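Each chain, letter by letter, is given below.
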Protein chains: 2
Amino acid sequence: MVTPALASENQPTDAIPDGLIDAPLTAAKTASRVLGQATTATKDAALAAIADALIAHTARIIDANAEDLARGREAGHSSGLLDRLRLDDARVSALAAAVHDVIALPDPVGTVVRGSTLPNGVLLSEVRVPFGVVGAIYEARPNVTVDIAALALKSGNAAVLRGGSAARSSNEVLVAIIQEALASAGLPADAVQTIDEHGRAGATALMRARGFIDVLIPRGSAELIQTVVRESTVPVIETGAGVVHIVLDESADEQMAIDIVVNAKVQRPSVCNAVETVLVHADAARRLVPSVVEALRASGVLVRGDERARVIVGDLDVATDDDFATEHMALELSIGIVDDLDAALAHIRTFSTQHTESIITRDMANAERFLAEVDSAVVMVNASTRFSDGGEFGFGAEVGISTQKMHARGPMGLPELTSTKWIVRGAGQVRS
Amino acid sequence: MVTPALASENQPTDAIPDGLIDAPLTAAKTASRVLGQATTATKDAALAAIADALIAHTARIIDANAEDLARGREAGHSSGLLDRLRLDDARVSALAAAVHDVIALPDPVGTVVRGSTLPNGVLLSEVRVPFGVVGAIYEARPNVTVDIAALALKSGNAAVLRGGSAARSSNEVLVAIIQEALASAGLPADAVQTIDEHGRAGATALMRARGFIDVLIPRGSAELIQTVVRESTVPVIETGAGVVHIVLDESADEQMAIDIVVNAKVQRPSVCNAVETVLVHADAARRLVPSVVEALRASGVLVRGDERARVIVGDLDVATDDDFATEHMALELSIGIVDDLDAALAHIRTFSTQHTESIITRDMANAERFLAEVDSAVVMVNASTRFSDGGEFGFGAEVGISTQKMHARGPMGLPELTSTKWIVRGAGQVRS
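Residues numbered from 1 in each chain as written. Chains lettered and ligands numbered in written order. Predicted model: local features only at pLDDT ≥ 70, side-chain atom pairs only at ≥ 80, totals over all residues. Heavy atoms only, no water.

### Points about the packing of aromatic side chains
All names here are of chain B.
Alright, step 1. The tally for this structure, following the rule as stated, stands at eight aromatic pairs over all chains.
Alright, step 2. Arranged with centres 6.1 Å apart and planes meeting at 40°, the rings of Phe 324 and Phe 351 form a pair that is tilted. Separated by 27 residues along the polypeptide, Phe 324 in helix H13 (residues 321–324) and Phe 351 in helix H14 (residues 341–351) bring together distant segments of the chain. Of the two residues, Phe 324 and Phe 351, neither departs from the other in class, the shared state being buried. (Phe/Tyr/Trp six-rings, centres within 6.5 Å; stacked < 30°, edge-to-face > 60°. Helix = DSSP H or I, 4+ residues; strand = E, 2+ residues; numbered from the N terminus. Buried < 20%, exposed > 50% of the residue type's maximum accessible area, 1.4 Å probe, protein only.)

### A short note on the pattern of salt bridges
Alright, step 1. Using the criterion set out here, one finds 48 salt bridges over all chains in the structure.
Alright, step 2. With a shortest N-O distance of 2.8 Å, A:Asp44 and A:Lys154 are connected by a salt bridge. Within this pair, whereas A:Asp44 is found in helix H2 (residues 40–56), its partner A:Lys154 is found in helix H6 (residues 142–154), the two being separated by 110 residues in sequence. Grouping residues by exposure puts A:Asp44 and A:Lys154 together as buried.
Alright, step 3. As a salt-bridge pair, B:Arg304 and B:Asp323 come within 3.6 Å of each other at their nearest N and O atoms. One end of the pair, B:Arg304, is in strand E9 (residues 302–305); the other, B:Asp323, is in helix H13, and 19 residues separate them in sequence. Judged on exposure class, the residue B:Arg304 and its partner B:Asp323 are both buried. (Salt bridge = Lys/Arg side-chain N within 4 Å of Asp/Glu carboxyl O.)

### Some words on the interface of chain A and chain B
Alright, step 1. Counting residues at the interface gives 97 residues for chain A and 97 residues for chain B.
Alright, step 2. For the pair chain A and chain B, the summed buried area comes to about 8,000 Å², and 54% of that belongs to carbon and sulfur atoms.
Alright, step 3. The interface formed by chain A and chain B holds 12 salt bridges in total.
Alright, step 4. Note that B:Lys405 is salt-bridged to A:Asp214, the shortest N-O span being 3.3 Å.
Alright, step 5. One can count 49 residue pairs in polar contact (both at pLDDT 80 or more) joining chain A with chain B.
Alright, step 6. Looking at which element gives the most residues to the side of chain A that touches chain B, the answer is strand E16 (residues 418–429) of chain A, with 11 residues.
Alright, step 7. Across the side of chain A that touches chain B, the residue classes break down as 44 nonpolar, 28 polar and 25 charged. (Contact = heavy atoms within 4.5 Å. Buried area = accessible area lost by both parts, 1.4 Å probe. Polar contact = N/O pair within 3.5 Å; in protein donor to acceptor, adjacent residues only side chain to side chain. Nonpolar A, V, L, I, M, F, W, Y, C, P; charged D, E, K, R; others polar.)

### Structural notes on the domain arrangement of chain A
Alright, step 1. Each domain of chain A was delimited in the assignment, giving domain 1 (19–109 + 122–239) and domain 2 (244–392).
Alright, step 2. A C-alpha centroid distance of 36 Å is found between domain 1 of chain A and domain 2 of chain A. (Domains from an automatic or database assignment.)

### Here's the deal with the relation of the copies chain A and chain B
Alright, step 1. Of the two same-sequence chains, chain A is brought onto chain B (RMSD 0.0 Å, axial shift 0.0 Å) by a rotation of 180°. A rotation of that kind, with that shift, is consistent with a two-fold axis. For chain A, the residue whose C-alpha comes nearest the rotation axis is A:His407, separated from it by 1.8 Å.
Alright, step 2. Residue by residue, 100% of the interface of chain A is reproduced at the interface of chain B, so both copies engage with the same surface. (Least-squares fit on C-alpha atoms with pLDDT ≥ 70 in both.)

### Structural notes on helix H3 (residues 58–74) of chain B
Residues and elements named next belong to chain B.
Alright, step 1. Counted at 1.5 Å a residue, the expected span for H3 with its 17 residues is 24 Å, and the 24 Å between its end C-alpha atoms agrees.
Alright, step 2. What H3 keeps buried is the set Thr 58, Ile 61, Ala 64, Asn 65, Asp 68, Leu 69 and Gly 72. With its buried residues spanning 150° around the axis, H3 presents them on a single face. Facing away from the buried side of H3, by more than 90 degrees, are the exposed residues Ala 59, Asp 63, Arg 73 and Glu 74.
Alright, step 3. Buried residues belonging to H3 abut helix H2 (40–56), helix H4 (79–85), helix H5 (89–104), helix H6 (142–154) and helix H7 (168–184).
Alright, step 4. Of the residues flanking the end of H3, it is Gly 76, one or two places downstream, whose phi is positive at about 75°. (Expected span 1.5 Å × (residues − 1). Arc of directions from axis to C-beta.)

### Brief notes about the packing of H2(A) against helix H7 (residues 168–184) of chain A
When two helices pack together, their arrangement is given by the angle between the helix axes and by the axis-to-axis distance.
Residue and element names in this part refer to chain A.
Alright, step 1. Two elements in contact, H2 and H7, have axes separated by 8 Å at closest approach and are oriented at 135°. Of the possible angle classes, the one that applies to H2 and H7 is oblique. For the pair H2 and H7, the sense of crossing is right-handed. Contacts between H2 and H7 involve Ala 46, Ala 49, Ile 50, Ala 53 and Leu 54 on the former and, on the latter, Leu 174, Ile 177, Ile 178, Ala 181, Leu 182 and Ser 184.
Alright, step 2. Its residues assigned to classes, the contact of H2 with H7 comprises 10 nonpolar, one polar and no charged. (Axes fitted to C-alpha atoms, helices over the stretch in contact; angles between N-to-C directions. Parallel < 35°, antiparallel > 145°, perpendicular 65-115°, else oblique. Left-handed = near helix turned anticlockwise from the far one by under 90°.)

### Points about the UniProt feature "domain: Aldehyde dehydrogenase" (unreviewed entry) in chain A
Alright, step 1. Within this numbering scheme, the UniProt entry marks residues 21–298 of chain A as carrying the feature "domain: Aldehyde dehydrogenase" (unreviewed entry).
Alright, step 2. Taken end to end, residues 21–298 of chain A has its terminal C-alpha atoms 53 Å apart, with 55% of it in helix and 16% in strand. (UniProt positions renumbered as here; feature names shortened; annotations may be inferred.)

### Focus on the sheet that holds strand E2 (residues 123–130) of chain B
Alright, step 1. Pairing is mixed across the open sheet formed by 10 strands, whose spatial order is E10(A)-E9(A)-E11(A)-E8(A)-E7(A)-E12(A)-E13(A)-E16(B)-E2(B)-E1(B). In this open sheet, the two edge strands, each paired with only one partner strand, are strand E10 (317–318) of chain A together with strand E1 (112–117) of chain B.
Alright, step 2. Taken together, the four bridges between strand E9 (residues 302–305) of chain A and strand E11 (residues 332–338) of chain A define a ladder with parallel strand orientation. Considered in E11(A), the bridge of A:Gly305 is made with A:Ile335.
Alright, step 3. Sheet contacts for helix H14 (residues 341–351) of chain A: strand E7 (244–248), strand E8 (275–281), E11 and strand E12 (356–360) of chain A; angle to E7(A), the most-contacted strand, approximately 175°. (Pairing = 2+ DSSP bridges.)

### Some remarks on the environment of B:Leu81
Residue and element names in this part refer to chain B.
Alright, step 1. Its place among the elements puts Leu 81 in helix H4.
Alright, step 2. The exposure class assigned to Leu 81 is partly exposed, which follows from its relative accessible area of 22%.
Alright, step 3. Dropping the residues within four chain positions of it, Leu 81 is found in contact with Ala 140 and Ala 166.

### Things to note about H14(B)
Residues and elements named next belong to chain B.
Alright, step 1. For H14, the buried fraction is high: eight of the 11 residues fall into the buried class.
Alright, step 2. Among all positions in H14, only Leu 341, Ala 344, Leu 345, Ala 346, His 347, Ile 348, Thr 350 and Phe 351 are buried.
Alright, step 3. Where H14 is buried, its residues touch strand E7 (244–248), strand E8 (275–281), H13, strand E11 (332–338), strand E12 (356–360) and helix H15 (364–373).
Alright, step 4. Residue Asp 340 occupies the N-cap position of H14, its side-chain oxygen lying 3.3 Å from the main-chain nitrogen of Asp 342.

### Thoughts on the pairing of E9(B)
Residues and elements named next belong to chain B.
Alright, step 1. Across two bridges, E9 lies against strand E10 (residues 317–318) in parallel orientation. Looking at the pairing, Arg 304 lines up with Asp 317 of E10.
Alright, step 2. At this point the chain moves from E9, through helix H12 (residues 307–312), to the parallel E10, and the crossover so formed is right-handed. (Right-handed = clockwise from strand over helix to strand, strands pointing away.)

### With respect to the sheet that holds strand E13 (residues 378–383) of chain B
Alright, step 1. Read across the open sheet, the 10 strands follow the order E1(A)-E2(A)-E16(A)-E13(B)-E12(B)-E7(B)-E8(B)-E11(B)-E9(B)-E10(B); overall the sheet is mixed. The open sheet terminates on both sides in strands that have one partner only, identified here as strand E1 (112–117) of chain A together with E10 of chain B.
Alright, step 2. Note that E12(B) and E13(B) share four bridges and pair parallel. Bridge pairing links B:Glu357 to B:Val379 in E13(B).
Alright, step 3. In this fold H15(B) packs onto E16 of chain A together with E7, E12 and E13 of chain B, with an angle of close to 145° to the strand it touches most, E16(A).

Right, dumping it as structure tokens:
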């Protein structure tokens, strides 16, 4: 019998990963075969061990995090970045709680998606299976390390993680703790690995690891996501930036418009489902723009407007094309006036990142047209864009919000971290 | 109001396609918006017009095809390639018949995949929508031009096609006929386009057309598919080469083993679900190998064997690792002897393209282990690998067989040419 090699002749030569991360990739692949066959009970026990270990090792985690923070301060990182990076007692408890949330989720592996009996008696079923090895590339948020590891494990996947260099010490300790807990629960420690030590070259190798990484999920800035999408030869799930629009139609109820726009901008301005642009029908502009602007300003929002909006509210800042194209992630919002629904749809086609858009209207025909024609992951009528969220959708946890059209679109839950396979049971049938 | 530009600031700069195929990409994108809203009746009428036009223009098609054939003979193309390229009366009729088959398929667009009412009364539904613009890169088979165009149109997508240069004249005429028929049925002619005239540079531009091509499907040789997968920055569905295995377990019924192996190799050797390798349990090798080899040889199959198989049947040709790694697509097959199921699984892990594998056994535990542990799109027990096919699975037509794990795995039907979007209907709800 032949000796199994790592890659066969008929696979592309780049299936052999660049030597740099050979070891973790191969180990993760091997571990993924054990994870893929593990029962829900085994996986949940391992997750519980991880949650316990995070609490037990709180001091060790905070010490490592202090190194990252010190390095970050020296490097002159912004206070925002340092805050996202910081772990304290409460935040470590939150990490453990997030793992418990994942334990509570139903295990998608083994779900029969569809099936049939063929005319010749062959039994056919399509069953959910883990992807295998999930890769993740993200920025300096150590909570993502625990989140992705827990979601991957619950769905039967191994995980290879590449976090931002700013969180290297924190991630190293978090992954070590996860690995110890996995081993204590009888699962391979190699099921969760970090390649942070290899820096940018490690990230590049991860993006090219065809045959080893079954799906790669970037989490972070639009720039990071676009880099991963462009440079990867492994399949990527693009989770996305949100330049989110709300259209105030001619017939929009004024109070509803105010409530939804303010909620969509103010309730949590730093997330991707927060609104960035409000487009107002020209025939409702004088009725709606002043009160919407007043309510936004009362909540501390910097409101910009295009030329026509500034005719109505003279002291609006100027909204440029750059503003309309930017995800501000802050208490800033741009208002544009549009002649009709067609003009609103054209603006959205130009500037939307196809994440989430909503229309406020009483007109059924316009509502249905908007829902049908806007090509975004989530389209809404008379609801706040803040509902575009896995938790709100009832998925229990959110893997991210996909802005691509393949595999998963919109908020992703655990099933989106699985593939399927077809099981065919025969009794000797051949094809005639 | 701002002037809509082709791409906004926050999209990657490569969203603007290389100038070469700007015009067809932009036209296809515009046409896709009409297609996406077209009713099933309208799309079916357009498909019927296409089928009629193909028949009406048979002579024009055959004339153009004659140019390709003449060029191909001059270039010294193989008789196999020339045969795949050739169109005659019967084959043009078959093209039209294939379009009628697509008309008969249910339209996936608008299917509600799932839905719920949230506790706050918001109505949520996930609905199938077209991808938008489907790209295809394929080789010198003019039938693929008609197939992909028909499948794309039925699922509400526009299509941008890049066929092999050897079929350029045929494809040009086929696309012109399709465009005329589309226009006659009131749909935009631009919904189906060819970029064959731009040669390899056009293919490269297509692979980079982020924001214009929603999904790219390569069809053809393993080399072509791997090139597309490696070079594309648009999402790709990898349809695959099949190095397909059948395992004859210790308990395999001899007649069933013979019937299935012969069927899987001989019934149609040139397709991806034909078996390439038979792995035989060592303890059944003396019982099974001689009769399986005899039956294969009686059907004209060249049988190769590893060292241990050649101890049993002395005059087998030598099977090298290259043979075990090759999709022969011919009446050739390699036999390997394995010590146990573990060794069979290890061989499959090394050499399989993760398309389809089958085990012949009477042992339930081994059957279940094989189904659970083999990481292929389709796994079978006691059935011919030739069943791994969209038609056999009851999908009515086959878009291809996906060997990747994202979006679609295994035989793909029309629904796999769609994405979904989330529709949210509220009555003014905001998030608290």
